[in-house]
Amino acid sequence: MAMASDAPKGGFRPSMLIYDTRYRAITIQVIVLILVLLCVSWLVHNTMVNLAAKDKDINFGFLWNRAGYDIDQQLIPYTNDSSHGRAAVVGLLNTLVVAGLACVLATVIGVFVGILRLSKNWLVGRLMTVYIEVFRNVPVLLWIFVAATILSETMPEPKDFKVTDAMIAAGQAPKAAMLFDGAVALTNRGTNIPAPLLSRPLGSLDLGLITLNFSFLAMLAVIIGSVLVHRLLLRRARAVQEATGVRPATWWKSLIVLVVPFVALLFALGFHLDYPVFKGFNFKGGINLAHSFTALLLALSLYSATYIAENVRAGVMAVSHGQTEAAFALGLRPSRTTRLIILPQALRVIVPPLISQYLSITKNTSLGIAVSYLDLRGTLGGITLNQTGRELECMLLMMLIYLIISLIISAVMNVYNSSVKLKER
Amino acid sequence: MTEPSYLRDTVLPQLPPPLVDRGIIKWIRENLFSGVLNTFLTLAGLAAVWWLLAASLPWFLHGVWDANSLGECRSIIAAEFGEGAQGACWAMLRERWHQFIFGFYPPEAYWRVGLAFVLLFVALAPVLFTEVPRLLLWGTVIYPALGYWLLWGGSIWGPVVAMAGFGLLALVFKLLRPLLGVPVAGGLGFVAAVLWWLFAQGPVAGLLAGVMPVGLVPVESDRFGGFLLSIVIGVTSIAASLPLGILLALGRRSDMFLVKTLSVAFIEFIRGVPLITMLFTASLLLQYFLPPGTSFDLILRVDILVTIFAAAYLAEVVRGGMAALPRGQYEAADALGLDYWSAERLIILPQALKISIPSIVSTFISLFKDTTLVSFVGLLDPLKGISTIVRADMAWKGVYWEPYLFVGAVFFVLCFSMSRYSMYLERKLKTDHK
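Since we're looking at a predicted model, the values are computed, not measured.

Caption draft 1: Geometry of the overall build of chain A. Assigned secondary structure in chain A consists of 13 helices and nine strands. Its C-alpha radius of gyration of 29 Å places chain A more than 25% over the 22 Å reference for a compact globule of 425 residues. For the C-alpha atoms alone, the extent of chain A along its principal axes is close to 115 × 80 × 50 Å. Here chain A holds 425 residues, and the buried ones make up 38% of them. Considering only contacts in chain A between residues 6 or more positions apart, those separated by 24 or more positions represent 65%.

Caption draft 2: Expanded view of the UniProt feature "transmembrane region" (unreviewed entry) in chain A. Residues and elements named next belong to chain A. As annotated by UniProt and renumbered to match this structure, "transmembrane region" (unreviewed entry) occupies residues 23-44, 96-118, 130-151, 207-229, 250-269, 289-309 and 395-416. Structurally, residues 207-229 comprises 70% helix and 13% strand, and the distance from its first C-alpha atom to its last is 32 Å. Taken end to end, residues 289-309 comprises 90% helix and 5% strand; its first and last C-alpha atoms sit 28 Å apart.

Caption draft 3: Inspection of the sheet that holds strand β9 (residues 287-289) of chain A at higher detail. All names here are of chain A. With antiparallel pairing, the three strands of this open sheet are ordered in space as β1-β2-β9. Looking along the sheet, the strands with just one partner apiece sit at the ends: β1 (185-187) and β9. This sheet shows a mean twist of 20° between the axes of neighbouring strands, independent of strand direction. Alignment of strand β2 (residues 190-193) against β9, held across three bridges, turns out to be antiparallel. Bridge assignment links Asn192 to a residue of β9, and that residue is Asn288.

Caption draft 4: How the structure looks around the interface of chain A and chain B. Taken residue by residue, the interface counts 55 residues in chain A and 55 residues in chain B. Summed over both sides, the interface between chain A and chain B buries roughly 5,000 Å², with carbon and sulfur atoms accounting for 74% of that surface. On inspection of chain A and its partner chain B, the count reaches one salt bridge. Note that A:Glu133 is salt-bridged to B:Arg420, the shortest N-O span being 3.7 Å. Looking at the side of chain A that touches chain B, the element that brings in the most residues is helix α2 (residues 21-53) of chain A, giving 13 residues. The residue makeup of the side of chain A that touches chain B, split by class, is 37 nonpolar, nine polar and nine charged.

Caption draft 5: Up close: helix α17 (residues 401-429) of chain B. The end-to-end C-alpha distance of α17(B) is 41 Å, a good match for the 42 Å that 29 residues give at a rise of 1.5 Å each. Here α17(B) has its buried residues at B:Glu402, B:Pro403, B:Tyr404, B:Val407, B:Gly408, B:Phe411, B:Cys415, B:Ser419, B:Tyr421, B:Ser422 and B:Leu425.

Caption draft 6: Molecular detail of the nonpolar core. Within the largest apolar cluster, 154 residues are counted, with the highest numbers of intra-cluster contacts made by B:Tyr105, B:Leu151, B:Phe224, B:Val302 and B:Met322. Counting residues per element, this core draws most heavily on helix α12 (residues 298-324) of chain B, at 13 residues. Every residue in contact with B:Leu151, bar those within four places of it in the chain, is listed here: B:Tyr105, B:Arg112, B:Val113, B:Ala116, B:Val219, B:Phe224, B:Leu228 and B:Val232. Counting nine residues, the second largest nonpolar core, distinct from the first, contains A:Tyr69, A:Val89, A:Val90 and A:Leu374.

Caption draft 7: Here's a closer look at the side chain of A:Thr365. Residues and elements named next belong to chain A. Tracing the chain through its elements places Thr365 in the loop between α11 (334-364) and α12 (376-388). Among the polar contacts listed, one links the side chain of Thr365 to the backbone oxygen of Thr362, at a separation of 2.5 Å. Apart from residues lying up to four places away in sequence, Thr365 is in contact with Thr95, Val98, Ala99, Leu296, Leu300 and Asp375.

Caption draft 8: Looking closely at the UniProt feature "domain: ABC transmembrane type-1" (unreviewed entry) in chain B. As recorded in UniProt, the feature "domain: ABC transmembrane type-1" (unreviewed entry) lies at residues 227-422 of chain B. Measuring from the first to the last C-alpha atom of residues 227-422 of chain B gives 22 Å, for a span that is 80% helix and 0% strand.

Caption draft 9: Here's a closer look at helix α16 (residues 382-392) of chain B. Within α16(B), the full set of buried residues consists of B:Pro382, B:Leu383, B:Gly385, B:Ile386, B:Ser387, B:Val390 and B:Arg391. Looking at the buried positions of α16(B), the neighbouring elements they touch are α5 (140-154) of chain A together with α4 (91-102), α9 (226-252) and α17 of chain B. Looking at where α16(B) begins, the residue whose side-chain oxygen comes 3.1 Å from the main-chain nitrogen of B:Leu383 is B:Asp381.

Caption draft 10: Molecular detail of the environment of A:Gly286. All names here are of chain A. Structurally, Gly286 is set in the loop between β8 (282-284) and β9. Once the C-alpha coordinates of Gly286 and Val184 are considered, the two residues, 102 residues apart in sequence, prove to be 9.2 Å apart. Beyond its immediate sequence surroundings of up to four residues, Gly286 is in contact with Ile193, Pro194, Ala195, Asp274, Tyr275 and Pro276.

Caption draft 11: Structural detail: the pattern of salt bridges. One pass over the full model with this rule turns up 14 salt bridges over all chains. When the shortest N-O distance is used, the salt bridge between A:Arg390 and A:Glu393 registers 3.0 Å. Here B:Asp66 and B:Arg94 are joined by a salt bridge, their closest N and O atoms 3.4 Å apart. A residue pair is termed long-range when its members are at least 10 positions apart, and B:Asp66 in the loop between α2 (36-61) and α3 (70-81) and B:Arg94 in helix α4 qualify at 28 residues. Each member of the pair B:Asp66 and B:Arg94 is classed as exposed. Put simply, B:Arg252, B:Glu268, B:Glu316 and B:Arg319 are held in one network by salt bridges that share partners.

Caption draft 12: Region of the structure containing the state of the cysteines. Residues and elements named next belong to chain B. Applying the stated criterion to the full structure yields one disulfide over all chains. Between the sulfur of Cys73 and that of Cys89 lies a disulfide, 1.9 Å long from S to S. Here Cys73 and Cys89 share a disulfide; its torsion about the S-S bond, 70°, makes the bridge right-handed. Of this pair, Cys73 sits in helix α3 while Cys89 sits in the loop between α3 and α4, and the two are 16 residues apart along the sequence. Cys89 shares its class with Cys73; the two are buried.

Caption draft 13: Looking closely at a positive patch on the surface. Residue and element names in this part refer to chain A. On the surface, a cluster of positive charge is made up of Arg231, Arg235, Arg238, Arg247, Arg333, Arg336 and Arg339. When contributions to the positive patch are tallied by element, the ones reaching two or more residues are α7 (214-244) and α11. Looking at the positive patch element by element, the count peaks at three residues for α7. With respect to the helices and strands, the residue Arg235 is situated in helix α7. Residue Arg235 is classed as exposed on the basis of its relative accessible area of 54%.

Caption draft 14: How the structure looks around the confidence of the model for chain B. Per-chain confidence: chain B averages 86 in pLDDT, with 99% of residues scoring 70 or above. Scoring the predicted complex yields pTM 0.87 and, for the interface, ipTM 0.86.

Caption draft 15: Main features of a nonpolar patch on the surface. A grouping of A:Trp64, A:Leu202, A:Leu205, A:Leu207, A:Leu209, A:Ile210, A:Phe214, A:Phe216, A:Leu217, A:Leu220, A:Ile224 and A:Leu228 is seen on the molecular surface, where their side chains present a nonpolar patch of about 1,100 Å² in accessible area. Take A:Leu228: it is sitting in helix α7.

Caption draft 16: Main features of the packing of helix α4 (residues 122-136) of chain A against helix α9 (residues 291-318) of chain A. Residues and elements named next belong to chain A. For the pair α4 and α9, interaxial distance at closest approach is 9 Å and the crossing angle is 120°. Classified by the interaxial angle, the pair formed by α4 and α9 is oblique. In the crossing of α4 with α9, the sense of the turn from one axis to the other is left-handed. For the pair α4 and α9, contact is made by Tyr131, Ile132, Phe135 and Arg136 and by Leu302, Tyr303, Ala305, Thr306, Tyr307, Ala309 and Glu310, respectively.

Caption draft 17: Summary view of the side chain of B:Thr307. Within the element layout of this structure, B:Thr307 appears in helix α12. Once you skip the residues sitting within four places of it in the chain, B:Thr307 turns out to touch B:Ser237, B:Ala240 and B:Ser241.

Caption draft 18: Broad picture of the domain arrangement of chain A. All names here are of chain A. Segmenting chain A into domains produces domain 1 (64-194 + 275-408) and domain 2 (195-271). For domain 1 and domain 2, the distance between their C-alpha centres works out to 26 Å. Of the residues lining the interface, nine residues belong to domain 1; the matching set on domain 2 comes to seven residues. Approximately 630 Å² of surface area, both sides summed, lies buried where domain 1 meets domain 2, with 58% of it carried by carbon and sulfur atoms. Applying the counting rule to domain 1 against domain 2 returns zero residue pairs in polar contact (both at pLDDT 80 or more). Broken down by class, the residue content of the side of domain 1 that touches domain 2 amounts to six nonpolar, two polar and one charged.

Parameters and conventions
Residues numbered from 1 in each chain as written. Chains lettered and ligands numbered in written order. Predicted model: local features only at pLDDT ≥ 70, side-chain atom pairs only at ≥ 80, totals over all residues. Heavy atoms only, no water. Helix = DSSP H or I, 4+ residues; strand = E, 2+ residues; numbered from the N terminus. Rg over C-alpha atoms; globule rule 2.2 N^0.38 Å. Buried < 20%, exposed > 50% of the residue type's maximum accessible area, 1.4 Å probe, protein only. Contact = heavy atoms within 4.5 Å. UniProt positions renumbered as here; feature names shortened; annotations may be inferred. Pairing = 2+ DSSP bridges. Axes fitted to C-alpha atoms, helices over the stretch in contact; angles between N-to-C directions. Buried area = accessible area lost by both parts, 1.4 Å probe. Salt bridge = Lys/Arg side-chain N within 4 Å of Asp/Glu carboxyl O. Nonpolar A, V, L, I, M, F, W, Y, C, P; charged D, E, K, R; others polar. Expected span 1.5 Å × (residues − 1). Core = buried A, V, L, I, M, F, W, Y, C linked by side-chain atoms within 4.5 Å. Polar contact = N/O pair within 3.5 Å; in protein donor to acceptor, adjacent residues only side chain to side chain. Disulfide = S-S within 2.5 Å. Patch = residues over 30% accessible without salt bridge, like charges linked within 9 Å, V, L, I, M, F, W, Y side chains within 5 Å. Areas by Shrake-Rupley, 256 points an atom, 1.4 Å probe, with all protein chains shown as cover. Lys, Arg positive; Asp, Glu negative; His and termini not counted. Charge placed at Lys NZ, Arg CZ, Asp CG, Glu CD. pLDDT = per-residue confidence, 0-100. Parallel < 35°, antiparallel > 145°, perpendicular 65-115°, else oblique. Left-handed = near helix turned anticlockwise from the far one by under 90°. Domains from an automatic or database assignment.

Printed below as a string of structure tokens:
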């Protein structure tokens, strides 16, 4: 007679810790916990002993000491009298600005290249394939070096822009000319671009580590306010459409809400551009973008754009043609088909790898070390580390900051993924 | 009814299509000039190709192979092609190619690198291609010790005794697994191997070396450089990170809370920081975390951290493959009565790894490309380390494009062939009939 046997009764035997699946999980976890704790305490003990041997301690006080070095590119006021902490913040902002711009540029290039690679044009398709394969299969470090070399070796010297009275009299043109009607000058020492200036700024407040710039905050507030009002406007239009079936025209209202307040604020603050002008031996005025920044930006964008292009291509190809046909059968116009049927489905494929690409662009900005770009790694993990000799503190802080940035980007990705997830049973 | 004046009673032979609708003209019309936009794109593409060729072709054509310095190159080019002509100075490569490949490895021992490189393919063949006889897998197993011995030299007994530790691990595991299960047997085997390496390694190797001295001239780690260094770091971390990554992926999908939390924390931490901070950890911080007085090779330290870095990425890739498997596969394995390790080994992992092949290979490719970053901790990678050394020589000061082109071309060939191999593998393992 067959009989279903219950779990063996009777007392607990020590061997059950290994053989009984009910207890084995607990046994393994306890062993893992003990091993991890042993390992961690071993590491901490070693660190303590090593620090004691070198007569050091763990102390973040150095962040408030005078830094004593200069940073070319600074988004908040910084001098070499500022603290190491402020240098780290300046570096962090430099990391973020190059990462943000590279993400935008890489997306623009990547979308274009991805679509062109799908084009029926044989030549363009092949060219894009060559571009993608060449850039993907070579280290990004090489592209950074190449961009830096191109900028510093093939651009004209500042003195080539010089126009003397003799040259005007002889009708000669200078060897090099500025681009965009005298707004931008590419030289081998940097790129000179117009500087946005305010003649009636709102002032700023120095908080030690960072400086609050009220003009900037006001602009941010106006932009956020405009966007919120615009969303309200769209929601009202949708409500009217739901109720009456007729959608009120919103485009001119949108334009007014989005543009007018910002322009008015810029006007009130006295916004103007300061153009770079050649004086003496070099350009004065405007902003001189160092080649380290430009090279890093260009190389990262061109390299990452190839990955984004492949994502875009995969996303477009993932939407089957039947979807388009179904939309046409329902009587949707082509523009609406793209907006309502194709894009939402393609974006579900494109966006998650796109965001991981942004993550890797952000991490790759640390390669600015190759061209001495003073980002977070260059300030906190570079000069500050070398000057103060506090490797442990600087490295831990730097890793923590990178980790926080990465976790924020991952969080954005998770929010997006759960918002577009296929709703299944 | 009148007869029609003319009635065709035979079928006319088929005429060929009009000239513009066949052959190359049709192809050009359809693929290059089918519309306004397409025509514009074609012209823009042609312009781009023309511009690229006009800028670079003369430079390639004027290349000089026979000179002793950059200045000599330039004067030869100026003499042959007129003043102001630009040209490549390949003479630099002719003189310095061995540094790009071997770094400062002693020239009389180049054969060891060559042999290790050839044997690498012998060892890889049974892994990469299933047509190769299975017996060769034993070659793969002993290759790490053999390759290490060939490259670094020294007594042969060190690597042999170290491999014996792995043999001990396998033996203990094999004997104890039926009794104690995979985790416990594996753990005990690991403990036995560690004890062997800690206490038996030195004396046994010393004894054997005393009895039968067989060895090669030792080569210091700081003489490694160029592509030798990149390939050593790349191959070892690729080989070591795959098992580690699979373990981490299993840990992350485990039901055990503690194992899962630790795996997640580890993976997310490693993936959240740039590789360069890991390399700086290897060069600056590892001295704090290890017992005082321990100092081991920088290449090994970098290798360990690069392996850990790659393992975290691989773990996510493999986990993606596991998540893509239908639940039915897990349930079928359970229904067959397979235990956890058998189910993973026989049912889950083969399918999950197959799904994730493209991503695994692209992780390997990016790992290999990232080996260039080791130059920032003072190792001589081909891109920055060796190029800088070459430019430090007065004869080659100012030579930029040639080293970049050479190094880029080698990387391109290696990475491109890896991606082609992954496509081959994908096709070969495809079992559905689409």
